[in-house]
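For reference, the chains in residue letters:
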Amino acid sequence: MNTTTGAVPADYRNFHLWMLLPFAISILGFSYSYYFNLANATFHQHVHGISATLWYVLVVLQPYLIARRRDVPNHRALGAIGTLLAGLVAGSALTIIPRNIDDVATLDPNGFFNPTFAYFAVVIDMLLVSMFIASVVLAVLAIKRRDLASHVQWMMASVFFVLSPALARMMGIAAIIANKGDMTGISLIGLALPATGVMVGMILFYFHKFGSFRHPAFWLLMVSHVPYLFVERIGNSAAVRGVLTAIFK
């Protein structure tokens, strides 16, 4: 695979189209909690929602400009904007994540979003947002070295690091619709394993098509999703709850 920006490999010609899939999952996953509920969203939620939406738009537009149009100047200009947007996405997420446990005492233990998942969500979201920041930084450093292959793979990783919350919620919405609006027995804890299975399948597919299983971005993604196998153990841990409560409440 050519690793310089001088010639874009044919393998990347339709990369922008494949980026539409995670974009669509993100929109659908947060449709009810944000996009259909704009009037009730907080300032922090608007900052996060708008910056994340614009960042996804650039994730689609950027590879189109370079692979189809060979428009390097605009690709670079929008890349600088994308870096700023990524900072807004991460920064706003870090202000919202701790709020998962603000009203934890009022959550239904058998509800869609229950106390166990609330504590787990703080842990996993902090981890994934940290990995998102790291992957964006490494993508920028890779393209400065004219290493196109690594740039693409770190950018793919940045997308998948922040996709699992939207994917689980999208599957939850689908389950509720299939159950004719009845949420009984449907929870994010129950959806954790199926959603992780789908996520791992997507990561395998994208790295097979556009990257390499030997690249550190792939392995970092795999390791970062391991906590989803232990949702209840992490979310019910007295030590985890104590630490999070001490820090954020």
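Treat the numbers as computed from the prediction; the structure is a model and nothing was measured. (Residues numbered from 1 in each chain as written. Predicted model: local features only at pLDDT ≥ 70, side-chain atom pairs only at ≥ 80, totals over all residues. Heavy atoms only, no water.)

Caption draft 1: Representation of the environment of serine 187 in the model. Its place among the elements puts serine 187 in the loop between helix H8 (164-178) and helix H9 (188-210). Leave out the neighbours within four places in its chain, and serine 187 touches Gly111 and Phe112. (Helix = DSSP H or I, 4+ residues; strand = E, 2+ residues; numbered from the N terminus. Contact = heavy atoms within 4.5 Å.)

Caption draft 2: Looking closely at empty space enclosed by the protein. Counting across every chain of the model gives two cavities of 30 Å³ or more. The volume enclosed by the largest cavity comes to roughly 50 Å³. What lines the largest cavity is Phe117, Ala121, Ile124, Asp125, Ser164, Pro165, Ala168, Arg169 and Tyr228. Those elements giving two or more residues to the lining of the largest cavity turn out to be helix H6 (115-144) and H8. (1 Å grid on protein atoms, 1.4 Å probe; cavity = no way out; pocket = protein on both sides within 12 Å on 5 of 7 lines; lining within 4 Å. Points joined across faces, edges and corners; volume = space filled by probe spheres on them.)

Caption draft 3: A look at a nonpolar patch on the surface. Together, Leu94, Ile133, Val137, Leu138 and Leu141 make up a nonpolar patch on the protein surface, roughly 360 Å² of accessible area in all. At four residues, the largest contribution of residues to the nonpolar patch is made by H6. If you trace the backbone, leucine 94 turns up in helix H5 (residues 72-96). On the basis of relative accessibility, which here comes to 35%, the residue leucine 94 falls in the partly exposed class. (Patch = residues over 30% accessible without salt bridge, like charges linked within 9 Å, V, L, I, M, F, W, Y side chains within 5 Å. Areas by Shrake-Rupley, 256 points an atom, 1.4 Å probe, with all protein chains shown as cover. Salt bridge = Lys/Arg side-chain N within 4 Å of Asp/Glu carboxyl O. Buried < 20%, exposed > 50% of the residue type's maximum accessible area, 1.4 Å probe, protein only.)

Caption draft 4: Inspection of the packing of H9 against helix H10 (residues 216-224) at higher detail. As a packed pair, H9 and H10 sit with axes 11 Å apart at the nearest point and diverge in direction by 175°. Considered as vectors, H9 and H10 are oriented roughly antiparallel to each other. Taking contact as the criterion, the partners of Val200, Ile203, Leu204 and Phe207 in H9 are, on H10, Ala217, Phe218, Leu221 and Met222. Within the contact of H9 with H10, the residues separate by chemical class into eight nonpolar, no polar and no charged. (Axes fitted to C-alpha atoms, helices over the stretch in contact; angles between N-to-C directions. Parallel < 35°, antiparallel > 145°, perpendicular 65-115°, else oblique. Nonpolar A, V, L, I, M, F, W, Y, C, P; charged D, E, K, R; others polar.)

Caption draft 5: Spatial organisation of the packing of helix H7 (residues 148-161) against H9. Look at H7 against H9: their axes get within 11 Å of each other, and the N-to-C directions meet at 165°. Relative to H9, the element H7 is oriented roughly antiparallel. For the element pair H7 and H9, the recorded crossing hand is right-handed. Contact residues: H7 offers Val152, Gln153, Met156 and Phe160, while H9 offers Met199, Met202, Ile203, Tyr206, Phe207 and Phe210. Across the contact of H7 with H9, the residue classes break down as nine nonpolar, one polar and no charged. (Left-handed = near helix turned anticlockwise from the far one by under 90°.)

Caption draft 6: Expanded view of the environment of leucine 84. On the secondary structure map, leucine 84 appears in helix H5. The exposure class assigned to leucine 84 is exposed, which follows from its relative accessible area of 65%. Taking the C-alpha atoms as reference points, leucine 84 and serine 51, separated by 33 residues in sequence, lie 9.3 Å from one another.

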